[in-house]
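So you can see what is in the structure, the chains are spelled out below.
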Amino acid sequence: MYLTVLCTAPSVEIGQEIARMVVQEGLAACVSLLPGITSIYRWDGEVQENPELLLLIKTRQERYPALEARIKELHPYQVPEIIAHKIEMGSKSYLDWITSSTR
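Keep in mind the model is a prediction, meaning the values are calculated, not measured.

Reading the values: the criteria
- The residue count restarts for each chain, going from 1 along the sequence in the order it is written.
- Residues qualify for local features only when their pLDDT is at least 70, as the model is predicted, and side-chain atom pairs are given and counted only at 80 or more; totals for whole chains, interfaces and linings, by contrast, use all residues.
- Each side-chain value is derived from all of the structure's non-hydrogen atoms; neither hydrogens nor water enter the calculation.
- Partly exposed describes any residue whose relative accessible area lies between the buried limit of under 20% and the exposed limit of over 50%, with all areas from a 1.4 Å probe on protein chains only and scaled to the type maximum.
- Secondary structure follows DSSP: runs of H or I at least 4 residues long count as helices, runs of E at least 2 residues long count as strands, and numbering of each begins at the N terminus.
- As used here, the arc is the angular range of directions from the helix axis to the C-beta atoms.
- Residue contacts are defined here by distance: any two heavy atoms, one from each residue, within 4.5 Å place the two residues in contact.
- Note on pairing: DSSP must find at least two bridges between two strands before they are called paired.
- In protein, a polar contact requires one atom able to donate a hydrogen and another able to accept it; more generally it is a pair of N or O atoms within 3.5 Å, and residues adjacent in sequence count only if both atoms are side-chain atoms.
- Multiplying 1.5 Å by the residue count of a helix minus one yields the expected span of that helix.
- Axis definition: a line fitted to C-alpha atoms, over the contacting stretch in the case of helices. Angles run 0 to 180 degrees between N-to-C directions.

Draft legend 1. Layout of helix α3 (residues 92-101). Within the span of α3, buried status applies to Leu 95, Ile 98 and Thr 99. With its buried residues spanning 100 degrees around the axis, α3 presents them on a single face. Residues of α3 that are buried sit in contact with β1 (2-9), β3 (46-60) and β4 (83-87).

As structure tokens, this is what we get:
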């Protein structure tokens, strides 16, 4: 089973560092960084609004626990957004590449 994992970061530099580490360590095959988002959320009883970067992380389900743990180690947020979605279908060659990249 393959996953797309969403994670927001407070800056391009932090997002790039997380992306590099999880790819280098074989926890993800690819991380796409989407700049220019704004997140509005409740934290400590107040509504916050901050610019963020969205990381689109492609991996296998078997790698998810280690990926989540590593993001938490690298991320500056007390509670980082880490949400996984199953990839229901995809190009066989791309999915095979995810497998070979996350061994």
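Having seen the structure, we can now continue with the description.
Draft legend 2. Geometry of the pairing of β3. Pairing of β1 with β3 involves eight bridges; the strand directions are antiparallel. Residue pairing for β3: Thr 4 is matched across the bridge by Lys 58. The pairing of strand β2 (residues 30-43) with β3 spans twelve bridges and is classified as antiparallel. Considered in β3, the bridge of Ile 37 is made with Glu 52. The turn joining β2 and β3, which pair antiparallel and follow one another in sequence, is formed by two residues; a positive phi near 55 degrees is taken by Asp 44.

Draft legend 3. Just the environment of Leu 53, in detail. Tracing the backbone through its elements, the reader meets Leu 53 in strand β3. The spatial distance from the C-alpha of Leu 53 to the C-alpha of Ile 14 is 9.1 Å, given a sequence separation of 39 residues. Leave out the neighbours within four places in its chain, and Leu 53 touches Cys 7, Thr 8, Ala 9, Ser 11, Val 12, Gly 15, Leu 33, Leu 34, Pro 35 and Ile 37.

Draft legend 4. Examining the side chain of Thr 8 more closely. Along the chain, Thr 8 falls in strand β1. Judged by relative accessible area, which is 5%, Thr 8 ranks as buried. Looking at Thr 8, its side chain comes within polar contact range of the side chain of Glu 81, at 3.3 Å. Residues within four places of Thr 8 in sequence aside, it is in contact with Ile 37, Ser 39, Glu 52, Leu 53, Leu 54, His 75, Tyr 77 and Glu 81.

Draft legend 5. Local environment of helix α1 (residues 12-24). In this model α1 runs 18 Å from its N-terminal to its C-terminal C-alpha over 13 residues, within 8% of the 18 Å that 1.5 Å per residue would give. Along α1, the positions that sit buried rather than exposed are Gly 15, Ile 18, Ala 19, Met 21 and Val 22. At its buried positions, α1 is contacted by β1, β2, β3 and α2 (64-74).

Draft legend 6. Geometry of the sheet that holds β4. What the four strands build is an open sheet, ordered β2-β3-β1-β4; its pairing is antiparallel. Strands at the two margins of the open sheet, each flanked by one partner only, are β2 and β4. Averaged over all neighbouring strand pairs, the angle between strand axes comes to 30 degrees, with direction disregarded. Most of the contacts of α1 go to β2, to which it runs at about 130 degrees, and overall it touches β1, β2 and β3.

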